[in-house]
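Coordinate inspection notes
Read off the chains here:
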Amino acid sequence: MTFRTKLILVTSLTVTGAIALVTGAVSAGIRRTFESIDASRRAAVLERFREELAAQGEQVVRTAARIAAADAVQRLAVESNRAEPDFAPYVSEAQALAEAHGLDFLDLARMDGRIISSAHYMARFGYPHGWALGEGDAPGGGAFLTRIPAQIAPVLALGARHRATAGGGKGVEVLGGRRLDVSFLKALESAPGVRVLLWRAEGDVLNAHGTLENPTSLAPLIEDVRRTHKPGVRQVEWNGSAAKRESVYAQPLEKDGALLAVLLVATSLDDQVRLERSILYTGLGVGAVGILLGVLIGWWTTARVTHPVAELVRGARAVAAGDYEARVVALSTDELGELARAFNHMTAQLVAQRDRAVQAERVAAWRELARRLAHELKNPLFPLQITVENLRKAHQVRSADFDEILRESTSTLLVELANLKSITARFSDFAKMPAPRFESVELNELTRQTARLHAPTVDIKLDLLPEAIRLDADPEQLRRMLTNLILNARDAMPDGGELSIATGLNDGHARIRVSDTGQGLSTEECERLFTPYYTTKQHGTGLGLAIVQSVVSDHRGRISVASEPGRGTTFIIDLPLKGTS
Amino acid sequence: MRRTTFPLLAALSLLVPAFSLAQRRPVYGGTLRVEVRARSAAEDSLEWSSRVYETLVRLDDAGRPVPHLAVSWSHDEQRGLWVFQPRHGVQLHDGSIWTPIAGSLVFPDKQPLPGLLLELARQGNAIKVPQTEGPPLGTGPFRLEQLDPGRTVVLAAHDGYWNGRPFLDRVEILYGRALRDQAVDFELDKADVIEIAPAEVRRLRRSEVSIGRPSLLIALAASHPVRGLSAAIDRSSLHAVLLQRQGEPTGSLLPQWLSGIAFLFPVIRDMDAARAAGAGALPWTIQYDTHEPLLRAIAERVILNASEAGLTLRPAAGNNADLRLVVLPISSSDPGAALADIAAAVNLPVPAGDTYSSERALLDTQRIVPLLHVPVLHRVNPRVHGWRPTSPWPLEEIWIDGAVTRP
């Protein structure tokens, strides 16, 4: 992964992460705000419930008192004081009284609790009323929640109890009640988005419009409350739709420890869901834009950073390739600019050092040359000197053998002069190696020809690529190069051995491998191998491999050597297939 | 002045009794308007059908068959027939004379005469002459002018009735009226005779209330034996409170005044026996008329009583309930006939034997549980005279004060 890609990724991730954090924080904040609003609404509804319950309870209490004061009840109270009261004629009284006073339930009962007349369940005369037995249900007290026995099942109602007495202290009890039903719930709902429900012990759930058709979604919450008798809150999804979610608060309504009903306050989460969704989509949108911006910014930023770095890399590669004139443009004054300037300075220093090295090498080479020259010249010069001195001496002494001595001396002089001439010719050859004349050369054929020339003197094993290898090269120089390598290899195997030449292709280059199984070279010898006039042989000018290197260099190729003392040496030459003329 | 006043007063005083006498005499004319709670009006309604379609023989108050459309009967041994002589000059409602084919009515003598006479006295064997259009023709004092099933019946006086034209011109009977609506109509003078609940009896003047003999049986009819239920029911409370002591609690199918042996069937509530007999019983469903307050109260009371004995009864709509609360009329003054009608009404075969054995056998099936014998209670407009709490209604004897005969 490139630095630019990494930087873009980091920038994008940073932007995305920041947006995600903000979105999450905003959502959490909104959720808390809505929860707070829900709690306020819920508290308001509960307060209204208490008020409504109290108001209706007060009404029921007053109605029960009024009924207790009615003539019919007073007559009943009088009847109860008789020795043998006959309540049969009054069995229908409660119904008329309940209708007249607007009560849903009314039981007129004896003091012992047995019903005389029941408005809502006429058949229960003589049975205990059974719905106002708690400590808080004393006659004349306040209203109370209760479940009133009815024909199908007990009904949740607000009840009140009063007593009507007459004369001898006995009397009748008036137990009146009003059911808690849809109309009661309607009075509680006022704020939009808030619903009031009532779970009754009969198992149904009422809302302000009637019985809820499918209350199963509330079952877990109701079950919790039934089990714990404590308020609870849950989020409820209706019909499995996330769009119809409500936060439902359940308040148990109890009497003497028994759960009579559960008041449910449901606040719609529509707004919250919508807002959260809106925030999420906005976050996603902003995130997408952010990523895009991040990419663009990252691209621009990295361009400003990586371009100079790339320039540096290019420059370094150029320098590595030998272009010491490669420079990097320093456009800025910041660290990257400093780096570019430092690179340029380093390159300049390298050039200077290279020049100095080259100069030093030249000096060394010239010294070596001078030494070699001195060494080479010394050999023929000494005999020359001796011969001339002998000749002078012989002339001086008028030696009888002067003619013989003159003949021998002149022969010797000519030989040594020829030697000198040869030496100077070789030096001259090396010094004035001509520029290569490139033409298309088939390497395998050239190699075969060169090997054939040396076949009489050395056995060469050829391992040539089956396909022809064409390259732009100077055939003459190539022949000279191969010749020098062959001669070098032969000289390295004085006791015989195996000399092999192989050709091939390597990454757009023609490769030539010349291997021998001779003495081999040490590491130090390998390093100095291509230095002109450096030789490991007892004789020779040391120019052979220098010439090889010169040819390779002229062809813009590469030469390397692999050797191990005692195992032999391999020269590897790579020449570009396309010429650089 | 004193000398002329006294004779004047004396003369006036003579006129008052004459005037009073004039008011007491039946007058012809007028329309009797009756309202009932019953929902169906059919040609064979017990209350009035016998006043439209008459039988050859009729039962008197003692349950004895007496001649009616047949004036006499004899046995033709040779032909093996009972021969009944029709009354002559009996006009049908269209004015034609009723003339049996062959001049007399004959029946095979395979059946003993008493049983035959009882059969002939049943309303189902009344004389009806079919017409191509309209209801069949009868011979009774009233003809069927209009029959709107479940709603209205209008009877018009048969001017040519063989026993004398009835006093009333018309009788209008309105069915399916709730007690409250009947009371309102009575107060608004839209009805002359209405039914009342037992609780109303005490409130009204005795002169306005017509209380007959217990002629209705309120019972539970079951599709299968209901063991323990009869012993669980508190009939005394039903009678004392819901019926306001009208009628009588009963453990028998026939009232005491009819069979004379009702006392042999106890009405004592025995919860232990009820629990023992009903142990393990599955819940039963009970169907009753929820629009009728008294029946609803009785049914609810039965449910409560049964629950104390561990028997579960649940109200049910529809006709497939285990139990039905039924009101069965005591349709005949003959115990056998009345028992047969009751058995037929609850889809039980009539056992053979005397009255007690038959009744015992029916009760032992535990598929009918008698609860109460109740009278029909009516409130009658004081202008209506001749009304008696009988079944059928004595329509031919009724006349209305101040009525004027329609031309």
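**Overview of the overall build of chain A**
If you tally the helices and strands in chain A, you get 12 helices and 18 strands. Buried residues in chain A amount to 41% of all 581 residues. The long-range fraction of contacts in chain A, counting pairs at least 24 apart against all pairs at least 6 apart in sequence, stands at 61%. When the accessible surface of chain A is summed, it comes to about 31200 Å², and 55% of that surface belongs to carbon and sulfur atoms.

**Describing the overall build of chain B**
Per the secondary structure count, chain B includes 11 helices and 18 strands. Burial analysis of chain B (407 residues in total) assigns 45% to the buried set. Of the roughly 19900 Å² of accessible surface on chain B, 54% is carried by carbon and sulfur atoms.

**Concerning the sheet that holds strand β6 (residues 105-108) of chain B**
Residue and element names in this part refer to chain B. Spatial strand order, β4-β5-β6: three strands in an open sheet with antiparallel pairing. Both outer strands of the open sheet, β4 (70-76) and β6, are each paired with one neighbouring strand and no more. Each strand of the sheet is rotated relative to its neighbour by a mean of 20 degrees, with strand direction disregarded. The pairing of strand β5 (residues 81-86) with β6 spans four bridges and is antiparallel. Bridged to Trp-82 within β6 is Phe-107.

**Let's talk about the packing of helix α1 (residues 3-69) of chain A against helix α2 (residues 71-80) of chain A**
All names here are of chain A. Contact geometry of α1 with α2 gives a least axis separation of 5 Å together with a crossing angle of 60 degrees. The angle between the axes of α1 and α2 places the two elements in the oblique class. Every residue of α2 that contacts α1 at Ile-67, Ala-68 and Ala-69 is listed here: Asp-71, Val-73 and Gln-74. Here the residues of the contact of α1 with α2 sort into four nonpolar, one polar and one charged.

**Thoughts on the confidence of the model for chain B**
Residue and element names in this part refer to chain B. Across chain B, the average pLDDT comes to 87, with 92% of residues at 70 or higher. The model gives residues 15-22 a pLDDT under 50, and that stretch makes zero contacts with residues more than four places away or in other chains. Predicted as a complex, the structure gets a pTM of 0.60 and an ipTM equal to 0.71.

**Notes on the packing of aromatic side chains**
Enumeration over the complete set of coordinates arrives at seven aromatic pairs over all chains. Summarising the aromatic geometry, the rings of Trp73(B) and Phe84(B) are spaced 5.5 Å apart at their centres and angled 40 degrees between planes, so their arrangement reads as tilted. You can see Trp73(B) sitting in strand β4 and its partner Phe84(B) sitting in strand β5, a full 11 residues away along the chain. Its relative accessible area of 24% is what places Trp73(B) among the partly exposed residues. Using a relative accessible area of 0% as the deciding quantity, one classes Phe84(B) as buried. Centre to centre, the rings of Trp387(B) and Trp393(B) are 5.5 Å apart; their planes meet at 45 degrees, and the pair counts as tilted. Across the pair, Trp393(B) and Trp387(B) agree in class, each one buried. Over the ring of Trp257(B) we find Arg213(B), and its NZ or CZ is 3.8 Å from the ring centre. When the ring centre of Phe125(A) is taken as reference, the NZ or CZ atom of Arg301(B) above it lies at 3.7 Å.

**Here's the deal with the interface of chain A and chain B**
Chain A puts 14 residues into the contact, and the matching count from chain B is 19 residues. Looking only at chain A, the three residues that lose the most surface to chain B are Phe125(A), Tyr127(A) and Gln151(A), adding up to 40% of its buried area. The interface formed by chain A and chain B includes two salt bridges. Arg245(B) serves as the salt-bridge partner of Asp86(A), at 3.2 Å between the closest nitrogen and oxygen. In terms of residue class, the side of chain A that touches chain B is built from eight nonpolar, three polar and three charged.

**Quick word on the pairing of strand β13 (residues 284-287) of chain B**
Examined bridge by bridge, β13(B) and strand β14 (residues 313-315) of chain B share three bridges and lie parallel to one another. Within β14(B), the residue paired with Trp284(B) across the bridge is Leu313(B).

**Regarding the pattern of salt bridges**
Where charged atoms from two side chains of opposite charge approach closely, those side chains can pair. Under the definition given, this model contains 48 salt bridges over all chains. Among the ionic pairs, Asp256(A) bridges to Lys255(A), the shortest N-O distance being 3.3 Å. Through salt bridges with shared partners, one network takes in Arg33(B), Asp189(B), Asp192(B) and Arg383(B).

**Observations regarding the packing of helix α6 (residues 235-242) of chain B against helix α9 (residues 293-308) of chain B**
All names here are of chain B. Where α6 contacts α9, the two axes come as close as 11 Å, and the packing angle between them is 150 degrees. It follows that α6 is roughly antiparallel to α9 by the angle criterion. Here the hand of the crossing between α6 and α9 comes out right-handed. Where α6 abuts α9, its residues Ser-237, Leu-238 and Leu-242 lie against Leu-294, Ala-297, Ile-298 and Arg-301.

**Structural notes on helix α12 (residues 544-554) of chain A**
Burial in α12(A) covers these residues: Leu545(A), Ala546(A), Ile547(A), Val548(A), Val551(A) and Val552(A). Positive phi shows up at Arg556(A), right after α12(A), with a value of about 60 degrees.

**Looking at the nonpolar core**
Core analysis: the biggest nonpolar cluster contains 38 residues, and Leu220(B), Leu229(B), Ile298(B) and Leu371(B) have the highest contact counts within it. With eight residues, α9(B) is the largest single contributor of residues to this core. Those residues in contact with Ile298(B) that lie beyond four places of it in its chain are Ile218(B), Leu238(B), Leu242(B), Leu325(B), Leu371(B) and Leu372(B). By size, the runner-up hydrophobic cluster in this structure holds 36 residues, among which are Leu443(A), Ile486(A), Leu499(A) and Val551(A).

**Points about the confidence of the model for chain A**
In this model, chain A carries a mean pLDDT of 85, and residues with pLDDT of at least 70 account for 93%. Predicted confidence in chain A is weakest over helix α11 (residues 523-527) of chain A, with a mean pLDDT of 78, and strongest over strand β1 (residues 105-109) of chain A, with 96.

**Points about helix α10 (residues 335-345) of chain B**
The periodicity of an α-helix, 3.6 residues per turn, causes residues three or four positions apart to be oriented the same way. Residues and elements named next belong to chain B. Among the residues making up α10, those that are buried are Pro-335, Ala-337, Ala-338, Leu-339, Ile-342 and Ala-343. For α10, the secondary structure elements touched by its buried residues are β11 (209-222), α7 (256-259), β15 (323-329), α11 (355-364) and β16 (368-380). Looking one or two places after α10, you find Asn-347, whose phi comes out positive at around 60 degrees.

**Some words on the sheet that holds strand β8 (residues 210-211) of chain A**
Residue and element names in this part refer to chain A. Spatially, the six strands line up as an open sheet ordered β8-β7-β6-β11-β10-β9, and their pairing is antiparallel. Looking along the sheet, the strands with just one partner apiece sit at the ends: β8 and β9 (232-237). In the sheet, strand β7 (residues 205-207) pairs with β8 via two bridges, with the strands oriented antiparallel. Bridge pairing in β8 places Leu-206 opposite Thr-211. Running over the sheet, α1 touches β6 (194-200), β9, β10 (245-255) and β11 (258-268) and is turned about 135 degrees from β11. Here helix α5 (residues 219-228) sits on the sheet in contact with β6, β9, β10 and β11, set at roughly 165 degrees to β9.

**Here's the deal with the environment of Asn163(B)**
All names here are of chain B. Counting through the fold element by element, Asn-163 comes out in the loop between β8 (152-157) and β9 (170-174). The exposed category is assigned to Asn-163, whose relative accessible area is 55%. Each C-alpha atom of the pair Asn-163 and Glu-396 lies 9.7 Å from the other, and the pair is 233 residues apart in sequence.

**Examining the environment of Pro192(A)**
For Pro192(A), the location among the structural elements is in the loop between α4 (182-188) and β6. Overall, Pro192(A) belongs to the exposed group, its relative accessible area being 69%.

**Observations concerning the side chain of Gln182(B)**
Residues and elements named next belong to chain B. Within the secondary structure, Gln-182 sits in helix α3 (residues 179-187). Residue Gln-182 is classed as buried on the basis of its relative accessible area of 0%. For Gln-182, the residues in contact, after removing those within four places along its chain, are Glu-35, Val-36, Arg-37, Arg-177, Ile-194 and Glu-195.

Definitions and limits used
Residues numbered from 1 in each chain as written. Chains lettered and ligands numbered in written order. Predicted model: local features only at pLDDT ≥ 70, side-chain atom pairs only at ≥ 80, totals over all residues. Heavy atoms only, no water. Helix = DSSP H or I, 4+ residues; strand = E, 2+ residues; numbered from the N terminus. Buried < 20%, exposed > 50% of the residue type's maximum accessible area, 1.4 Å probe, protein only. Contact = heavy atoms within 4.5 Å. Areas by Shrake-Rupley, 256 points an atom, 1.4 Å probe, with all protein chains shown as cover. Pairing = 2+ DSSP bridges. Axes fitted to C-alpha atoms, helices over the stretch in contact; angles between N-to-C directions. Parallel < 35°, antiparallel > 145°, perpendicular 65-115°, else oblique. Nonpolar A, V, L, I, M, F, W, Y, C, P; charged D, E, K, R; others polar. pLDDT = per-residue confidence, 0-100. Phe/Tyr/Trp six-rings, centres within 6.5 Å; stacked < 30°, edge-to-face > 60°. Lys NZ or Arg CZ within 6 Å of the ring centre and 35° of its normal. Buried area = accessible area lost by both parts, 1.4 Å probe. Salt bridge = Lys/Arg side-chain N within 4 Å of Asp/Glu carboxyl O. Left-handed = near helix turned anticlockwise from the far one by under 90°. Core = buried A, V, L, I, M, F, W, Y, C linked by side-chain atoms within 4.5 Å.

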